[in-house]
Amino acid sequence: MSISPPIHFSSDLETINDDEQETIAGLNQQFDVIMQKTAEDYGHAVRSVHAKSHGIIEAEMTIADGLPPELAQGMFATPGVHKVFLRLSTNAGDILPDAVSLPRGLAMKVLDAEGPRLPDAEGSTQDFIMVNGPVFQAPNAKKFLSGLKLLAKTTNRMEGTKTVMSSVLQTVNKGLEAVGVASPTIQSLGGAPNSDPLGETYFSVTPFRYGDYVAKFKLKPISPDLTKRTDTLIDASVQENAIRETVQAEMQETHGVWEFQVQLCRNLEQQPIEDPTVEWKEEDAPFVTVATVTAMPQDSWSDANVQKVDEEMRFSVWTGLEAHQPLGNINRARKDTYRHSAEFRARFNGCPFHEPSR
């Protein structure tokens with residue numbers, strides 16, 4: 001079967017709704033509720049989403065040489081090696097026991113990404129924010145706001161109740177998966193499998209400019225030390241931080257290699273820009289490797305890196321190059337809400353954020 005040529009980037013690809021600013025204001029209000037509650041509980045402000053970290057990993061990204069023109073775009077136009085920080089997390093805005101099983105997240109900060117920057121993007125880094133599933137749970141920011149209002153009402157310290165609910169939802173989700181129906185909504189509420197984050201494949205979910213084109217991104221484990229952990233479940237019934245402790249023990253001996261892949265948009269009906277609940281099927285738009293990310297054995301929860309990365313850095317899809325501009329309604333809503341969350345943390349904790357230079 002022939003593959004269509006990639007769609008060229010144009011600002012006309014996005015459809016901006018009249019009520020987007022009103023929705024963003026509503027998102028910030030709900031995030032304030034979550035952050036204020038958690039900051040009062042912990043005496044320390046945490047992220048409004050993906051609050052709990054499971055590992056901080058130092059790595060290197062090697063951009064491939066000899067890429068064809070349609071893939072040699074943006075920061076991937078120049079072969080070379082970049083230092084990288086990876087932050088593994090789950091998606092709740094409160095710090096829950098790991099028995100409350102939620103989708104995994106991976107935020108990656110690539111250093112020394114040279115080129116014209118996005119508006120208000122500090123430093124010279126390129127951030128990629130991913131989750132371990134190919135689609136988002138809401139088609140747009142307005143629908144996401146409806147779910148966030150429910151989440152804000154349940155953001156408190158009723159950990160026992162949430163643990164029981166998660167156990168029930170995991171059972172429901174397993175039943176759905178058995179008949180070939182996975183549910184991002186149920187997973188986002190606590191029904192995700194309690195998988196080892198080192199074996200997971202991570203997706204950008206939303207589209208981005210890719211120089212002259214448009215793409216989604218994927219980070220896929222390929223080294224045996226990682227792939228042997230794919231589909232491995234972690235027993236979190238006893239230890240509150242079982243995932244973090246498991247990753248820390250595993251990374252002492254892990255040689256991790258991931259492929260960073262690009263999926264070029266080739267058909268706007270099959271691969272829409274504005275609806276991230278629609279999966280871009282690989283048979284229509286294949287993923288192609290443009291770089292590898294390599295991590296050597298290390299302490300994934302060292303005090304120094306927890307302070308430097310978890311406390312003193314912020315991750316945002318809007319931190320990066322103009323050539324990798326975030327696209328679509330969800331990404332547009334992320335710009336102000338991510339900054340709003342980060343500024344709350346910085347004020348409450350008295351700790352300004354830093355974009356690393358090395």
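For the structure, check the block above.
Rules used throughout
Along every chain, residues carry numbers that run from 1 in the direction the sequence is written. In keeping with the model being predicted, local features are shown solely for residues with a pLDDT of at least 70 and side-chain atom pairs are shown and tallied solely at 80 or more, while totals for entire chains, interfaces and linings include all residues. Neither water nor hydrogens contribute to the side-chain values; these are computed over all heavy atoms in the structure. Each axis is a line fitted through C-alpha atoms, taken for helices only over the stretch in contact, and angles between the N-to-C directions span 0 to 180 degrees. The helix count covers DSSP runs of H or I at least four residues long, the strand count covers runs of E at least two residues long, and both are numbered beginning at the N terminus. The hand of a helix crossing depends on one turn: near helix anticlockwise from the far one by less than a right angle means left-handed, and clockwise means right-handed. Contacts are assigned to residue pairs with any non-hydrogen atoms lying within 4.5 Å of each other. Each residue receives one of three labels: charged for Asp, Glu, Lys and Arg, nonpolar for Ala, Val, Leu, Ile, Met, Phe, Trp, Tyr, Cys and Pro, and polar for the others, Gly being one of them. Expected span of a helix: the number of residues minus one, times 1.5 Å. Note on bend: the value at a residue is the angle between axes fitted to the seven residues ending there and to the seven starting there. Relative accessibility decides the category of a residue: with a 1.4 Å probe and only protein chains considered, values under 20% of the type maximum give buried, values over 50% give exposed, and everything between is partly exposed. Throughout this description, the term salt bridge denotes a Lys or Arg side-chain nitrogen within 4 Å of a carboxyl oxygen of Asp or Glu. DSSP calls a pair of strands paired once it identifies at least 2 bridges connecting them. Under the rule applied, a polar contact is a pair of N or O atoms within 3.5 Å (in protein, one hydrogen donor and one hydrogen acceptor; residues adjacent in sequence only if both atoms are side-chain atoms). Picture the helix axis, draw a direction to every C-beta atom, and the arc is the one those directions span. In these notes, a set of buried Ala, Val, Leu, Ile, Met, Phe, Trp, Tyr and Cys residues joined through side-chain atoms within 4.5 Å is what counts as a nonpolar core.

Peer 1: Can you explain the packing of helix α1 (residues 20–42) against helix α8 (residues 329–349)? Please cite residues and give values.
Peer 2: A pair of packed helices is characterised by two quantities: the angle between their axes and the separation of those axes. It is the contact of α1 with α8, at a shortest axis distance of 9 Å, that shows an interaxial angle of 35°. Crossing handedness for the pair α1 and α8: right-handed. Counted together, E20, I24, L27, N28, F31, D32, M35, Q36 and A39 of α1 and N329, R332, A333, D336, T337, H340, S341, F344 and F348 of α8 form the full contact between these two elements. Taken together, the residues of the contact of α1 with α8 break down into 8 nonpolar, 6 polar and 4 charged.

Peer 1: With reference to specific residues and values, describe α8.
Peer 2: Turn by turn, an α-helix covers 3.6 residues, leaving residues three or four places apart pointing in a common direction. Spanning 21 residues, α8 covers 31 Å between terminal C-alpha atoms, matching the ideal 30 Å at 1.5 Å per step. Considering bend angle alone, the principal kink of α8 is centred on K335 and spans about 30°. Looking only at α8, the buried set comprises N329, I330, N331, R332, A333, R334, T337, S341, A342, F344, R345 and A346.

Peer 1: Give a description of the pattern of salt bridges that names residues and reports values.
Peer 2: Under the definition given, this model contains 15 salt bridges. The salt bridge partner of E355 is K109, with a shortest N-O separation of 3.0 Å. Taken together, the residues span a long stretch of sequence, with E355 in the segment after α8 and K109 in strand β3 (residues 104–110) at a distance of 246 residues. Judged by relative accessible area, which is 0%, K109 ranks as buried. Connected through salt bridges with shared partners, the residues E14, E20, E274 and R332 form a single ionic network.

Peer 1: Give a description of the environment of F76 that names residues and reports values.
Peer 2: Tracing the backbone through its elements, the reader meets F76 in the loop between β1 (52–63) and β2 (80–90). On the accessibility criterion, F76 (1% relative accessible area) is buried. When the C-alpha atoms of F76 and D65 are compared, they prove to be 9.2 Å apart, with 11 residues separating the residues in sequence.

Peer 1: Tell me about the pairing of strand β4 (residues 126–131), residues and numbers included.
Peer 2: Burial of β4 is extensive: 5 of the 6 residues sit out of reach of the surface. Relative to β4, β3 is paired through 6 bridges, and the arrangement is antiparallel. Within β4, the residue paired with L106 across the bridge is M130.

Peer 1: Which residues make up the side chain of E14, and what are the values?
Peer 2: With respect to the helices, strands and loops of the structure, E14 is situated in the segment before α1. Here G328 takes part through its backbone nitrogen, which lies 2.8 Å from a polar atom of the side chain of E14. Here R332 takes part through its side chain, which lies 2.8 Å from a polar atom of the side chain of E14. With sequence-adjacent residues up to four places away left out, E14 is seen in contact with I273, E274, Q325, P326, L327, G328 and R332.

Peer 1: Account for the pairing of strand β8 (residues 256–264), naming residues and giving values.
Peer 2: Consecutive side chains of a regular strand alternate in pointing toward one face of the sheet and then the other. Where burial is concerned, most of β8 is hidden: 8 out of the 9 residues are buried. Here 7 bridges tie strand β7 (residues 213–221) to β8, and the two strands are oriented antiparallel to one another. When the bridges of β8 are listed, P221 appears paired with W258. Of the pairings in the sheet, the one linking β8 to strand β9 (residues 287–295) comprises 8 bridges and is antiparallel in character. Of the residues in β9, the one forming a bridge with F260 is A291.

Peer 1: Can you lay out helix α7 (residues 303–311) for me, pointing to particular residues and giving the numbers?
Peer 2: All of the buried residues in α7 are N305, V306, V309 and D310. Along α7, the residues classed as buried sweep out an arc of 100° about the axis, all on the same side. Facing away from the buried surface of α7 by more than 90 degrees, the exposed residues are D303 and A304. Lining the buried residues of α7 we find β1, β2 and α8.

Peer 1: Help me get a handle on the nonpolar core, residues and values and all.
Peer 2: Counting residues in each nonpolar core, the largest one holds 55 residues, and the members touching the most others are M61, F76, M108 and F260. No other element matches the 5 residues that β1 contributes to this core. Not counting the four nearest positions on each side in its chain, M108 is found in contact with M61, V84, F85, L86, Q126, D127, F128, F260, V293 and F315. Within the second largest apolar cluster, 19 residues are counted, among which are L27, F31, L148 and V205.

Coordinates in, geometry out; function isn't part of it.
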